[in-house]
Amino acid sequence: MTLRLHDTATRETRDFVPLVPGRAGIYVCGLTVQSEPHVGHVRSAVNFDVLRRWLSATGHEVDFIRNVTDIDDKILAKSAAQGVHWYALAAAMKRELDAALAAINVLPPTYEPGATGHVPEIVELIEQLIARGHAYAAEDGSGDVYFDVRSWPAYGELTRQKLEDMEPAGDADPRGKRDPRDFALWKGWKKDSEPQTASWPSPWGPGRPGWHIECSAMAGKYLGPAFDVHGGGVDLRFPHHENEQAQSRAAGRPFASYWLHNAWITTAGEKMSKSLGNSLLIPSVLERVRGIELRYYMVAAHYRSHVEFSFEALDEAAKAFRRVEDFLDRAAPVVGAWFAAMPDAFVAAMDDDLGTPAAVAVIHDSVREGNRLLAEGASDALSQKFGEVIAMLDVLGLNPADPAWAERGSDDRLTEVVDALVRGLLEERTAAREAKDWARADAIRDRIKAAGVEVEDTPTGPKWSV
C-alpha cells in the first residue's frame, strides 16, 4: 500500500507523494512556552512523532522541524504577573516541556527554532509582503505592520470561510488597521507597558513578531519555500494556519503540500486548559502511570479522534500495555534468534492515515498468538511473533527495550534490591504452599500486593511486576 494522509485543506485522504522522492519535510507548530505542559499539550507532539517514525520506518529521510513560540502577549502578561523576566519564564517553561516530551519518548526534532532567534528572517518576509502589496505599516504611529487580507483573494481557503463571515482579528488595537480582520505581522513596542528587552529593531521601529509570521519565516528557512507536511492541533486551523498559508503564498512561497491536524484531548467535553481548572500536568500524571503507559494511551487513539480523558481510561490502557510487556518479558529468555518484521495488517493500518487503533489491535493479536506459542515452548513461530511485536512497538515508540525508557530515572541497583526482597517473600510463600499452609501463603501474597506488586503463578514459577 501507499501511505495515505487526511489533508485538512482538501478534506480528502490522499496518497502521500513527497516533493523529493524518499525524503519528507515536516513542520509542526510547537507550544507557546508560557506554562507547564499538560496532557492536552503533548498529544500533538506524540501524534507527529508517530508520523515521523513511520516515514523513517518506510525508508524516508525526514527533516522534522518543530518550533517554539518564546515571545508573545501571553508570555509577557504571565511573566509580569509573576514578577520575572519574560525570557526567564519562557526558558523555564521550555525546560519543563523538554522534560515532559522526553518522559514520553518523543524524539527531538531535527531542529527546534524559536521566534526570538529568527527576527531577521521575519523582518525580511514582512518586507517582501509590503513590496508585493499584501502588507502595510499602520499610520497611527504604533509601529505595527498588518497583513491586508483583502489583497489576497484566496484568504480563507484553508478553512473554507468567506471573509465577510469572519470576526475581527483580536491580536492588536484595530485603530491602525484598514480592515478589522487584518492580522499583525509586526507589533510595535509599547514602551509604557512592555520591557525593552521584548523588542527588536526593524524598519518600522522597535517591536516584536506577530504570532503567525514566525512559522512562515522559520518553515521557509529550514524546509524551503515548498515542503511536504504542516501539522498542528485542530485549534490552530484558524486563524493561525489560515494566516500562515495566506502570508506565505502571498510572498510567492508554495508552502505546505499537506495539512494534518490532530484532535484535542478534552475533559468533560471541553478543551483541556489551565483556565478550566482541569489541567493535568505531566509530572502529576506520571506519578500514577509510567511514561510508556501514558504514550500508549495516546497512541491507541487515532490522531484525528477527540479523546475524553479520564484516569479510569488511562489505568485501563496501562493494564493493556502491561499485557504486551508481560509477553515480552516471558518470551525473551525462550526465543532464539529473531527478526523484526511488521505484519501486513499493521502496515496496512499505518498506511491508512496512521490508523493506530487498528495497528494496536494487531499488536495484541500477535501477543495473544505469542502467548499460545509460548505455552508450547521455543519455536521458530514464537521467535517470529516476538520479532513482530518488537518491530511494531518500535514504530509507535513503545518498545520497552528502547534506551530512552531506561534513562527515565531508572536505578538498576534499586531494581536488584527489590527483586531480591520480593523473591525472598515468594520463596517463603512457595514453602508455605508446599506445607499446605494456605493461610500463610495467602497472607504473604496479600503483603506483596499491598506493596504494589502483582504476582502471577506460571508453570516455570511465580513472576512479579510492579
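Structural data are supplied above this passage.
In this report, we go over the structure that sits alongside the text. Predicted model, so just to flag it, every value in this text is computed and none were measured. (Residues numbered from 1 in each chain as written. Predicted model: local features only at pLDDT ≥ 70, side-chain atom pairs only at ≥ 80, totals over all residues. Heavy atoms only, no water.)

This next bit is on the overall build of the protein chain. On a plain count of helices and strands, the protein chain comes out with 15 helices and 15 strands. Residues classed as buried in the protein chain amount to 50% of the 466 residues present. A separation threshold of at least 6 residues defines the contact pool for the protein chain, and within that pool the share at least 24 residues apart is 74%. Distance from the positive charge centre (52 side chains) to the negative charge centre (70 side chains) of the protein chain: 1 Å. (Helix = DSSP H or I, 4+ residues; strand = E, 2+ residues; numbered from the N terminus. Buried < 20%, exposed > 50% of the residue type's maximum accessible area, 1.4 Å probe, protein only. Contact = heavy atoms within 4.5 Å. Lys, Arg positive; Asp, Glu negative; His and termini not counted. Charge placed at Lys NZ, Arg CZ, Asp CG, Glu CD.)

Per the stated rule, a full pass over the model turns up 31 salt bridges. For the salt bridge of D173 with R175, the shortest nitrogen-to-oxygen distance reads 3.9 Å. Looking at R175, the relative accessible area reads 62%, which means it is exposed. We note a salt bridge from R368 to D365, for which the minimum N-O separation is 2.4 Å. In this pair, R368 and D365 both sit in helix α11 (residues 356-375), three residues apart, roughly one turn of the helix. Look at D365 and you get partly exposed, because its relative accessible area is 42%. One network of salt bridges, with partners in common, ties together R66, K94, D98 and E112. (Salt bridge = Lys/Arg side-chain N within 4 Å of Asp/Glu carboxyl O.)

The next thing to look at is the sheet that holds strand β7 (residues 183-188). Spatially, four strands are ordered β5-β6-β7-β8 in an open sheet, and the strand pairing comes out antiparallel. Across the chains shown, the open sheet's two edge strands, defined by having one partner strand only, are β5 (135-137) and β8 (207-209). Recorded for the sheet is a direction-independent mean angle of 20° between the axes of neighbouring strands. Pairing between strand β6 (residues 145-147) and β7: three bridges, direction antiparallel. When the bridges of β7 are listed, V145 appears paired with W186. (Pairing = 2+ DSSP bridges. Axes fitted to C-alpha atoms, helices over the stretch in contact; angles between N-to-C directions.)

With that settled, consider helix α8 (residues 291-299). Counting buried residues in α8 gives nine out of nine residues, a clear majority hidden from the surface. Among the residues of α8, those classed as buried are G291, I292, E293, L294, R295, Y296, Y297, M298 and V299.

As a general feature of sheets, a regular strand has side chains that alternate between the two faces. The buried fraction of β7 amounts to six of the six residues, a majority that puts the element mostly inside the structure. One ladder, built from three bridges, connects β7 with β8; its direction is antiparallel. Residue pairing across strands places G188 opposite G207, the latter belonging to β8.

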